[in-house]
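# Results of the structural survey
Single-letter residue listing:
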Amino acid sequence: MEEVFRTNDPVKLSYVEHLLAEAGVEYFVLDRHISAVEGNIGVFPRRILVKDTQLARARLALVGVEPG
């Protein structure tokens, strides 16, 4: 799996998840729970990973989204 996005912003995370779902890309969010536990200090950004076979489609779906 490859990381396609990383953020501490829950709104941006939700938007990226929406874009990937609309594009039919299967994804997995890492560090979702540790980010909630650490209390918004921003040490653990949430990371979105996709399968290698869907990497190109995921990058295309996220082309207009600013990182972070």
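Here's a quick rundown of the structure. Since the structure is predicted, the reported quantities are computational estimates derived from the model, not experimental observations. (Residues numbered from 1 in each chain as written. Predicted model: local features only at pLDDT ≥ 70, side-chain atom pairs only at ≥ 80, totals over all residues. Heavy atoms only, no water.)

## Notes on the pairing of strand S3 (residues 46-50)
Burial of S3 is extensive: four of the five residues sit out of reach of the surface. In this structure, strand S1 (residues 2-7) lies alongside S3, joined through five bridges in antiparallel fashion. Each bridged residue has a counterpart across the sheet, and for threonine 7 the counterpart in S3 is arginine 46. Sheet topology note: the strand S2 (residues 27-30)/S3 ladder contains four bridges and is antiparallel. Within S3, the position partnered with leucine 30 by the bridge is arginine 47. (Buried < 20%, exposed > 50% of the residue type's maximum accessible area, 1.4 Å probe, protein only. Helix = DSSP H or I, 4+ residues; strand = E, 2+ residues; numbered from the N terminus. Pairing = 2+ DSSP bridges.)

## Let's talk about the sheet that holds S3
Pairing within the open sheet is antiparallel, and its three strands lie in the order S1-S3-S2. Both edges of this open sheet fall to S1 and S2, since each of them pairs with a single strand only. Pairwise comparison of adjacent strand axes, ignoring direction, gives a mean angle of 25° for this sheet. (Axes fitted to C-alpha atoms, helices over the stretch in contact; angles between N-to-C directions.)

## Overview of the nonpolar core
Judged by nonpolar contacts, the single largest core of 14 residues is most densely connected at Val4, Phe5, Val16, Leu20, Ile48 and Leu62. Of all the elements in the fold, those that place two or more residues in this core are S1, helix H1 (10-22), S3 and helix H3 (55-61). Examining the composition of this core, we find that four residues originate from one element, H1, more than from any other. Each residue touching leucine 62, except ones within four places of it in the same chain, is listed here: Val4, Phe5, Val16, Leu19 and Leu20. (Core = buried A, V, L, I, M, F, W, Y, C linked by side-chain atoms within 4.5 Å. Contact = heavy atoms within 4.5 Å.)

## Describing the environment of leucine 30
On the secondary structure map, leucine 30 appears in strand S2. Given a relative accessible area of 24%, leucine 30 falls into the partly exposed group. Residues leucine 30 and phenylalanine 44 lie 14 residues apart in sequence; the distance between their C-alpha atoms is 9.8 Å. Those residues in contact with leucine 30 that sit more than four places away from it in its chain are Pro45, Arg46, Arg47 and Leu49.

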